[in-house]
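Take a look at the letters that make up each chain.
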Amino acid sequence: MSARRMLLLGPPGAGKGTQALRLAAKLGIPQISTGDMLREAVAAGTDVGRQAQGYMDRGELVPDAVVIGVAEERLSQGDAESGFVLDGFPRTAAQAEALDALLARMGTNLERCVALVADEDSLVARLLGRAQIEGRSDDSEETIRTRMGVYRAQTAPLVDYYRKRGILGEVDGLGSIEEVAKRIEEALS
Ligand code: AMP
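Bear in mind that the values here come from a model prediction, so they are computed numbers and not experimental data. Every chain is numbered independently, its residues counted from 1 as its sequence is written. In keeping with the model being predicted, local features are shown solely for residues with a pLDDT of at least 70 and side-chain atom pairs are shown and tallied solely at 80 or more, while totals for entire chains, interfaces and linings include all residues. Side-chain metrics in this entry use all non-hydrogen atoms of the structure; hydrogen atoms and water are not considered.

(A) Layout of the environment of alanine 52. A run of H or I in DSSP counts as a helix once it spans at least four residues, and a run of E counts as a strand once it spans at least two, with each numbered from the N terminus. Structurally, the position occupied by alanine 52 is in helix 3 (residues 47-58). Buried residues are those whose accessible area, probed at 1.4 Å on protein chains only, stays under 20% of the maximum for their type, while exposed residues exceed 50% and partly exposed ones sit between those limits. The exposure class assigned to alanine 52 is buried, which follows from its relative accessible area of 0%. Remark: the alpha-carbon pair of alanine 52 and valine 66, spanning 14 residues in sequence, is separated by 7.8 Å.

What follows is the structure, given as structure tokens:
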């Protein structure tokens with residue numbers, strides 16, 4: 001596993017967060033989740049949080065300009081120089097292009113994109129279970145369906161974007177955390 005600048009892509013509930021954290025810990029690089037950063041901004045009541053909250057509660061995407069600002073600031077921090085696992089960013093073509101441009105300005109590039117693949121009904125069931133445990137405000141069934149639709153329309157096209165670049169690995173996202181982690185490592189090697 002030699003890649004150190006990578007991105008996990010996949011629909012809501014596919015286990016991106018869990019896998020990104022594991023992978024980042026294993027490689028000693030930061031996991032960068034725009035969802036986590038936006039939730040922190042909402043909790044802290046910052047300008048970014050105020051701009052993001054309504055979209056997040058509805059399960060819609062926060063506008064590109066806001067998210068790109070958050071991601072760029074985080075990627076510019078020193079600990080991301082040795083690598084990073086992006087989780088939940090980019091989610092639109094404009095974000096993917098902004099990421100490419102930022103990395104190019106930093107004199108680097110994205111080495112690998114791992115896409116987690118799973119069928120929608122299993123994911124909805126998984127998210128509804130998680131909603132009961134975590135009480136996330138964006139995990140009602142209606143919001144979950146919205147998030148799936150947003151993924152299909154706006155984020156799924158990025159799979160092709162990275163395939164064309166020759167840096168895509170597709171991994172079956174259903175199974176135990178261990179099994180999926182092993183498949184991801186294989187896709188990265
Ligand atoms: P996540 O925890 O990654 O599922 O993100 C939770 C919510 O934060 C999403 O449903 C969006 O409202 C917002 N969000 C996180 N990352 C992005 C992004 N890259 N672009 C737009 N909205 C985002």
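(B) Representation of the sheet that holds strand 4 (residues 112-117) in the model. One open sheet accounts for five strands, arranged 2-3-1-4-5; its pairing is parallel. Both edges of this open sheet fall to strand 2 (31-33) and strand 5 (168-172), since each of them pairs with a single strand only. Adjacent strand axes in the sheet meet at a mean angle of 20°, parallel and antiparallel pairs treated alike. Think of it this way: DSSP has to see at least two bridges between two strands before they count as a pair. Strand direction decides the pairing type here: strand 1 (residues 5-9) and strand 3 (residues 84-87), joined by four bridges, are parallel. Bridge assignment links leucine 7 to a residue of strand 3, and that residue is leucine 86. Residue contacts are defined here by distance: any two heavy atoms, one from each residue, within 4.5 Å place the two residues in contact. Angles shown run from 0 to 180 degrees and are taken between the N-to-C directions of axes, each axis being a line fitted to C-alpha atoms and, for helices, limited to the stretch in contact. Helix 9 (residues 177-188) contacts strand 1, strand 4 and strand 5 of the sheet and is inclined by roughly 145° relative to strand 4.

(C) Spotlight on the pattern of salt bridges. Definition used for salt bridges: Asp or Glu carboxyl oxygen within 4 Å of a side-chain nitrogen of Lys or Arg. Tallying each qualifying case throughout the model produces 16 salt bridges. Measuring nitrogen to oxygen at the nearest pair gives 2.9 Å for the salt bridge that ties arginine 39 to aspartate 36. Remark: aspartate 36 and arginine 39 occur in helix 2 (residues 34-44); sequence separation between them is three residues, near one turn of the helix. On the basis of relative accessible area, arginine 39 is assigned to the partly exposed category, the value being 34%. Salt-bridge contacts for glutamate 120 lead to arginine 152; the nearest nitrogen and oxygen are separated by 3.0 Å. Note that glutamate 120 is positioned in helix 6 (residues 120-134) and arginine 152 in helix 7 (residues 141-155), a separation of 32 residues in sequence. Its relative accessible area of 27% is what places glutamate 120 among the partly exposed residues. Here the salt bridges share partners, and the residues they tie into one network are Asp121, Glu141 and Arg145.

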